[in-house]
Amino acid sequence: DAKTTQPNSMESNEEEPVHLPCNHSTISGTDYIHWYRQLPSQGPEYVIHGLTSNVNNRMASLAIAEDRKSSTLILHRATLRDAAVYYCILRDHYGGSQGNLIFGKGTKLSVKP
Amino acid sequence: DSGVTQTPKHLITATGQRVTLRCSPRSGDLSVYWYQQSLDQGLQFLIQYYNGEERAKGNILERFSAQQFPDLHSELNLSSLELGDSALYFCASSVGQTGELFFGEGSRLTVL
């Protein structure tokens, strides 16, 4: 499976934007970039996903590099509730292991008031 | 509330025992996934079912087994339990095999 690399931890101030980077230099053409987050004592929850173009939804934005070897999850205004572990995952929508999400260590985001 | 229901929420048992964890997926979701989360291993993919059939296997031990029933609920059976099996077990479901995964709140297993 293609791997992702994320910083172990990041800090942000409340109400400021947060840019969470992810490197995936071995991404294949059929890999979608998915982001999930896990709040303390909860199961992971979907944040956003994309293939080539930048994506926006009510939770966040996903900026994908032109060569697709890296991406950035953008939280426009961090709140205390955004403190969580953020996982960047490559998901093959067409290969034999389609559907599986293989989680790495993720980035633990701390938000300071 | 993700719509995925897992029971029991907490379970304490002894080494050598066998337990069954149950998962009810969201209405209409055909895929069910099981994950194990321990402090030192992070979230590990165990197994996936789609409409009753096993579709993918991850790091699932031979002592563990799972199935998905005709009503689409799933059970994860853990036998000959060891201390190291203590973990949070998450179930997730999705509509197909590439849709967004919705996770339950997990079943916390403690093996003494």
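Conventions and cut-offs
- Residues numbered from 1 in each chain as written.
- Chains lettered and ligands numbered in written order.
- Predicted model: local features only at pLDDT ≥ 70, side-chain atom pairs only at ≥ 80, totals over all residues.
- Heavy atoms only, no water.
- Core = buried A, V, L, I, M, F, W, Y, C linked by side-chain atoms within 4.5 Å.
- Buried < 20%, exposed > 50% of the residue type's maximum accessible area, 1.4 Å probe, protein only.
- Helix = DSSP H or I, 4+ residues; strand = E, 2+ residues; numbered from the N terminus.
- Contact = heavy atoms within 4.5 Å.
- Disulfide = S-S within 2.5 Å.
- Salt bridge = Lys/Arg side-chain N within 4 Å of Asp/Glu carboxyl O.
- Phe/Tyr/Trp six-rings, centres within 6.5 Å; stacked < 30°, edge-to-face > 60°.
- Lys NZ or Arg CZ within 6 Å of the ring centre and 35° of its normal.

### What about the nonpolar core?
Move 1: Ranked by size, the top nonpolar core spans 21 residues in total, and within it L20, I33, W35, L73, L75, Y86 and L109 of chain A carry the most contacts.
Move 2: For this core, the elements supplying multiple residues, two or more each, are β2 (18-23), β3 (31-38), β4 (45-50), β6 (61-64), β7 (70-75), β8 (84-92) and β9 (107-112) of chain A.
Move 3: The biggest single contributor to this core is β8 of chain A, with four residues.
Move 4: In this structure L109 of chain A touches M10, E11, S12, V18, L20, L75, D82, A83, A84 and Y86 of chain A, once residues within four positions along its chain are discounted.
Move 5: Formed by 20 residues, the second largest nonpolar core is a distinct cluster that contains V19, W34, C91 and V111 of chain B.

### As for the state of the cysteines
Residue and element names in this part refer to chain A.
Move 1: Applying the stated criterion across every chain yields a total of two disulfides over all chains.
Move 2: Paired through a disulfide, C22 and C88 show a sulfur-sulfur distance of 2.1 Å. As the torsion about the S-S bond is roughly -80 degrees, the C22-C88 disulfide counts as left-handed. With C22 in strand β2 and C88 in strand β8, this residue pair connects regions lying 66 residues apart in the sequence. For the pair C22 and C88, a shared accessibility class is recorded, and that class is buried.

### Regarding the side chain of D29 of chain B
Residues and elements named next belong to chain B.
Move 1: Residue placement: D29 occurs in the loop between β3 (19-24) and β4 (31-38).
Move 2: For D29, a relative accessible area of 1% corresponds to the buried category.
Move 3: Not counting residues within four places of it along the chain, the set of residues in contact with D29 comprises L72, S93, S94, V95 and F102.

### Section: the pattern of salt bridges
Residues and elements named next belong to chain A.
Move 1: Evaluated as defined, the whole model comprises seven salt bridges over all chains.
Move 2: Here K112 ties to E11 by a salt bridge, and the two come within 3.4 Å at their closest N and O atoms. One end of the pair, K112, is in strand β9; the other, E11, is in strand β1 (residues 9-13), with 101 residues separating them in the sequence.
Move 3: The exposed category is assigned to E11, whose relative accessible area is 56%.
Move 4: Between E15 and R77 there is a salt bridge; the shortest N-O distance is 3.3 Å. Here E15 is found in the loop between β1 and β2, whereas its partner R77 is found in the loop between β7 and β8, with 62 residues between them in sequence.

### Some words on the packing of aromatic side chains
Move 1: Scanning all chains against the criterion turns up 10 aromatic pairs over all chains.
Move 2: Geometrically, the ring pair formed by Y36 of chain A and Y46 of chain A is edge-to-face, given 5.6 Å between the ring centres and 75 degrees between the ring planes. Here Y36 of chain A is found in strand β3, whereas its partner Y46 of chain A is found in strand β4, with 10 residues between them in sequence. For the pair shown, Y36 of chain A and Y46 of chain A are each scored as buried.
Move 3: Ring plane angle 80 degrees and centroid distance 6.5 Å describe the contact between F90 of chain B and F103 of chain B, whose orientation is recorded as edge-to-face. You can see F90 of chain B sitting in strand β9 (residues 87-94) and its partner F103 of chain B sitting in strand β10 (residues 102-103), a full 13 residues away along the chain.
Move 4: By relative accessible area, F90 of chain B is classed as buried at 1%.
Move 5: An aromatic cluster is built from Y36, Y46, Y87 and F103 of chain A together with Y35, F45, F90 and F103 of chain B, whose rings are joined through pairwise contacts.
Move 6: A cation sits over an aromatic face here: R26 of chain B above F102 of chain B, 3.6 Å from the ring centre.

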